[in-house]
Amino acid sequence: MDWVTFGRSLFTVVCFAFFIMVLIMAYSKRSKNRYEEAANLPFLDDDKVEEAPHDEASHGARK
């Protein structure tokens, strides 16, 4: 076995280990609250959008 084949095999094992670490971090119970909060972010400003006056331009846009 030459060094190139050994290097490629080692790179594959390191990438697989990194992938498993990312999966463990993503599905851990510690990060569940963070992901639930991020999932609810689009729904937080619904009341503000309905109450905003429709006459005025928003976000710096001109009429």
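Residues numbered from 1 in each chain as written. Predicted model: local features only at pLDDT ≥ 70, side-chain atom pairs only at ≥ 80, totals over all residues. Heavy atoms only, no water.

## What about the overall build of the chain?
And then number 1: Of regular secondary structure, the chain possesses three helices and zero strands.
And then number 2: The order of helices and strands in the chain, counted from the N terminus, is α-α-α.
And then number 3: Here the chain holds 63 residues, and 2% of them are scored as buried.
And then number 4: Of the roughly 6,700 Å² of accessible surface on the chain, 63% is carried by carbon and sulfur atoms. (Helix = DSSP H or I, 4+ residues; strand = E, 2+ residues; numbered from the N terminus. Buried < 20%, exposed > 50% of the residue type's maximum accessible area, 1.4 Å probe, protein only. Areas by Shrake-Rupley, 256 points an atom, 1.4 Å probe, with all protein chains shown as cover.)

## Some remarks on the UniProt feature "transmembrane region" (unreviewed entry) in the chain
And then number 1: Mapped onto this numbering, the UniProt entry gives "transmembrane region" (unreviewed entry) at residues 6-27.
And then number 2: Overall, residues 6-27 shows 95% helix and 0% strand. The separation of its end C-alpha atoms is 32 Å. (UniProt positions renumbered as here; feature names shortened; annotations may be inferred.)

## What to know about the packing of aromatic side chains
And then number 1: According to the stated counting rule, one finds one aromatic pair in the structure shown.
And then number 2: Centre to centre, the rings of Trp3 and Phe6 are 6.1 Å apart; their planes meet at 85 degrees, and the pair counts as edge-to-face. Within this pair, Trp3 and its partner Phe6 are both found in helix H1 (residues 3-26), separated by three residues, close to a single helical turn.
And then number 3: Overall, the relative accessible area of 39% leaves Phe6 in the partly exposed class. (Phe/Tyr/Trp six-rings, centres within 6.5 Å; stacked < 30°, edge-to-face > 60°.)

## Structural notes on the side chain of Ser31
And then number 1: Tracing the sequence through the fold places Ser31 in the loop between H1 and helix H2 (32-40).
And then number 2: Within the structure, Ser31 has its side chain in polar contact with the backbone oxygen of Met25 (distance 3.0 Å). (Polar contact = N/O pair within 3.5 Å; in protein donor to acceptor, adjacent residues only side chain to side chain.)

## Topic: a nonpolar patch on the surface
And then number 1: A cluster of nonpolar residues, Phe16, Phe19, Ile20, Leu23, Ile24 and Tyr27, forms a patch on the protein surface that exposes about 670 Å² of accessible area.
And then number 2: Tracing the chain through its elements places Tyr27 in the loop between H1 and H2.
And then number 3: Tyr27 gets classed as exposed once you look at its relative accessible area, which sits at 70%. (Patch = residues over 30% accessible without salt bridge, like charges linked within 9 Å, V, L, I, M, F, W, Y side chains within 5 Å. Salt bridge = Lys/Arg side-chain N within 4 Å of Asp/Glu carboxyl O.)

## Looking at the confidence of the model for the chain
And then number 1: Here the chain shows a mean pLDDT of 83. Residues at 70 or above account for 71%.
And then number 2: Within the chain, the element-level pLDDT minimum falls on helix H3 (residues 46-51), averaging 59, and the maximum on H1, averaging 96. (pLDDT = per-residue confidence, 0-100.)

## A word on the environment of Asp2
And then number 1: Tracing the sequence through the fold places Asp2 in the segment before H1.
And then number 2: Residue classification places Asp2 among the partly exposed positions, given a relative accessible area of 44%.
And then number 3: At a separation of 2.6 Å, a polar atom in the side chain of Asp2 contacts the side chain of Thr5.

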